[in-house]
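# Summary of structural features
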Amino acid sequence: MNRKQTAGWQVFNVFNLLFLTALSLAMFLPFLNVLAQSFSSSEAIVNGKVFFLPVEFTWINYQYVFSDAAIWRSFGITVYITVVGTLINLIATASLAYPVSRQEYKGRNVIVIMVLITMVFSAPLIPNFILMKALGLTNSLWALLIPGAISAFNFFVMRSFFIQIPGEIIDSGRIDGCSEMRMIWSIVLPLSKPVMASLGIFYAVNHWNTYQSALYYINKPALYPLQVKLRQMIMSDDISIDPAASQFSALAHMDPEGIKMATIIVATIPIIIIYPFLQRHFVKGMMVGSVKS
């Protein structure tokens, strides 16, 4: 019996390894192709010569991207939305999740049910747009920050983590004369770094990839985040080039695909770089969601 189980587990491990390897390649190879095209010449891209390695290596695509003021403006807006939005998300989520995690808060079950309802029934687009317009948030970056301040799923994850904090620690803080705010700042939050880091990644990636909300609520090109700017470039083959730019002669007759691919890489790399620094906390925080409260 042990031999059969051992053989079965070996087959499972081999199949699992092959499946996960194929899945990883299916996600990584398209990114590698985009990276190769961003460093390739226009002729190589148009003729379909580029696969996973650059052909006729060139930096001209990135020179255009880094010299385009509109791209830098969109990049700055996206960074602002990601940083400020993530802070708002974590503060708002913790402010709601901590009280309902304590047994002494009598109305916690009502609030939990109300949040749970939002996971099942979401508001349609048109009422949301009417509400944003009535509040004067359209054509404002606040329209990308306020409506999604609290994610119902992340609320339940953070609540589960707060419930695991021993009540004796909270009681000891109260005995020492800590106010609720001081106790949260000095005791609860230092113990909550794993869940804050993991949910912070979720919120940050969501803000970095802001797309639909910007299309719905923002009509000013000067306020477009990077993903919307990238969509404009991909949907249009008309890449505007400043005749005064030093690379004008090299770009004037180029196919815009290389520039589009370089913009995709610029929009993707920052969030990939940040992840390894938070991976340790992210793995710990992911375990919180598996604990039932």
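Below you will find a few notes about this structure. What you see is a predicted model, and the numbers here were worked out from it, not measured in a lab.

Helices and strands together make up the secondary structure of the chain, namely 14 helices and zero strands. Along the chain, helices (α) and strands (β) appear in the sequence α-α-α-α-α-α-α-α-α-α-α-α-α-α when read from the amino end. Across the 293 residues in the chain, those meeting the buried criterion constitute 37%. Long-range pairs, those at least 24 residues apart, make up 72% of the contacts in the chain with a sequence separation of at least 6. Accessible surface, the chain as shown: approximately 17,700 Å² in total, 68% of it carbon and sulfur.

Relative to the elements of secondary structure, isoleucine 187 occurs in helix H9 (residues 180-191). With a relative accessible area of 19%, isoleucine 187 lands in the buried category. Sequence spacing of isoleucine 187 and isoleucine 170 is 17 residues, and the spatial spacing of their C-alpha atoms is 7.9 Å. Ignoring anything within four residues of it in the chain, the contact list for isoleucine 187 reads Ile169, Gly173 and Arg182.

The next thing to look at is the packing of aromatic side chains. A full pass over the atoms with the stated rule returns 14 aromatic pairs. Members of the aromatic cluster, joined through ring pairs, are Phe39, Phe57, Trp59, Tyr62, Phe66, Trp72, Phe75 and Trp208.

Before going further, it helps to examine the environment of arginine 231. Tracing the backbone shows arginine 231 in helix H12 (residues 226-235). Overall, arginine 231 belongs to the partly exposed group, its relative accessible area being 32%. Arginine 231 sits 33 residues away from isoleucine 264 along the chain, and the two C-alpha atoms are 9.8 Å apart. Arginine 231 has contacts with Tyr211 and Leu215, leaving out every residue within four places of it along the chain.

Soluble, globular proteins show a tendency: their nonpolar side chains are buried together. Counting 23 residues, the largest nonpolar core has Phe155, Met158, Phe162 and Met196 as its most contacted members. Listed by contribution, the elements that provide at least two residues to this core are helix H4 (69-101), helix H5 (108-120), helix H7 (152-164), H9 and helix H10 (193-208). Excluding its chain neighbours within four sequence positions, the residues that come into contact with phenylalanine 162 are Ala94, Ala97, Tyr98, Ser101, Arg102, Val188, Ser192 and Met196. In this structure, Tyr64, Ile259, Ala262 and Ala267 belong to the second largest nonpolar core, which totals 17 residues.

Before going further, it helps to spend a moment on the packing of H4 against H7. At a closest axis distance of 8 Å, the pairing of H4 and H7 adopts a crossing angle of 50 degrees. In terms of orientation, H4 and H7 fall into the oblique class. Handedness of the crossing formed by H4 with H7: right-handed. Together, Thr93, Ala94, Leu96, Ala97, Tyr98, Val100 and Ser101 of H4 and Asn154, Phe155, Met158, Arg159, Phe162 and Ile163 of H7 make up the contact between the two elements. A per-class count over the contact of H4 with H7 returns nine nonpolar, three polar and one charged.

There is a patch of nonpolar side chains on the surface, built from Ile113, Leu116, Ile117, Met119, Val120, Phe121, Phe153 and Phe202 and spanning about 820 Å² of accessible area. Counting residues per element, the nonpolar patch draws most heavily on H5, at five residues. For phenylalanine 153, the location among the structural elements is in helix H7.

Along the chain, serine 38 turns up in helix H1 (residues 2-38). Sequence-distant contacts of serine 38, that is, excluding residues within four places in its chain, are made with Thr58, Asn61, Tyr62, Gly258, Met261, Ala262 and Ile265.

Within the secondary structure, asparagine 33 is located in helix H1. When near neighbours in sequence (up to four residues on either side) are disregarded, asparagine 33 contacts Val50, Phe51 and Phe52.

A positive phi is found at asparagine 139, a non-glycine position, where the angle reads about 55 degrees. Secondary-structure assignment places asparagine 139 in the loop between helix H6 (125-134) and H7. Classification of asparagine 139 as partly exposed rests on a relative accessible area of 26%.

Attention shifts here to the packing of helix H8 (residues 167-175) against H9. Relative orientation and spacing of two packed helices are given, respectively, by the angle between their axes and the distance between those axes. Following both chains from N to C, one finds H8 and H9 inclined at 145 degrees, their axes separated by 10 Å at the closest point. Between H8 and H9 lies a crossing whose hand is right-handed. From H8, Ile169, Ile170, Gly173 and Arg174 reach across to H9, where they touch Glu180, Met183, Ile187, Val188 and Leu191. For the contact of H8 with H9, the class distribution of residues is six nonpolar, one polar and two charged.

Rules of the game
- Residues numbered from 1 in each chain as written.
- Predicted model: local features only at pLDDT ≥ 70, side-chain atom pairs only at ≥ 80, totals over all residues.
- Heavy atoms only, no water.
- Helix = DSSP H or I, 4+ residues; strand = E, 2+ residues; numbered from the N terminus.
- Buried < 20%, exposed > 50% of the residue type's maximum accessible area, 1.4 Å probe, protein only.
- Contact = heavy atoms within 4.5 Å.
- Areas by Shrake-Rupley, 256 points an atom, 1.4 Å probe, with all protein chains shown as cover.
- Phe/Tyr/Trp six-rings, centres within 6.5 Å; stacked < 30°, edge-to-face > 60°.
- Core = buried A, V, L, I, M, F, W, Y, C linked by side-chain atoms within 4.5 Å.
- Axes fitted to C-alpha atoms, helices over the stretch in contact; angles between N-to-C directions.
- Parallel < 35°, antiparallel > 145°, perpendicular 65-115°, else oblique.
- Left-handed = near helix turned anticlockwise from the far one by under 90°.
- Nonpolar A, V, L, I, M, F, W, Y, C, P; charged D, E, K, R; others polar.
- Patch = residues over 30% accessible without salt bridge, like charges linked within 9 Å, V, L, I, M, F, W, Y side chains within 5 Å.
- Salt bridge = Lys/Arg side-chain N within 4 Å of Asp/Glu carboxyl O.

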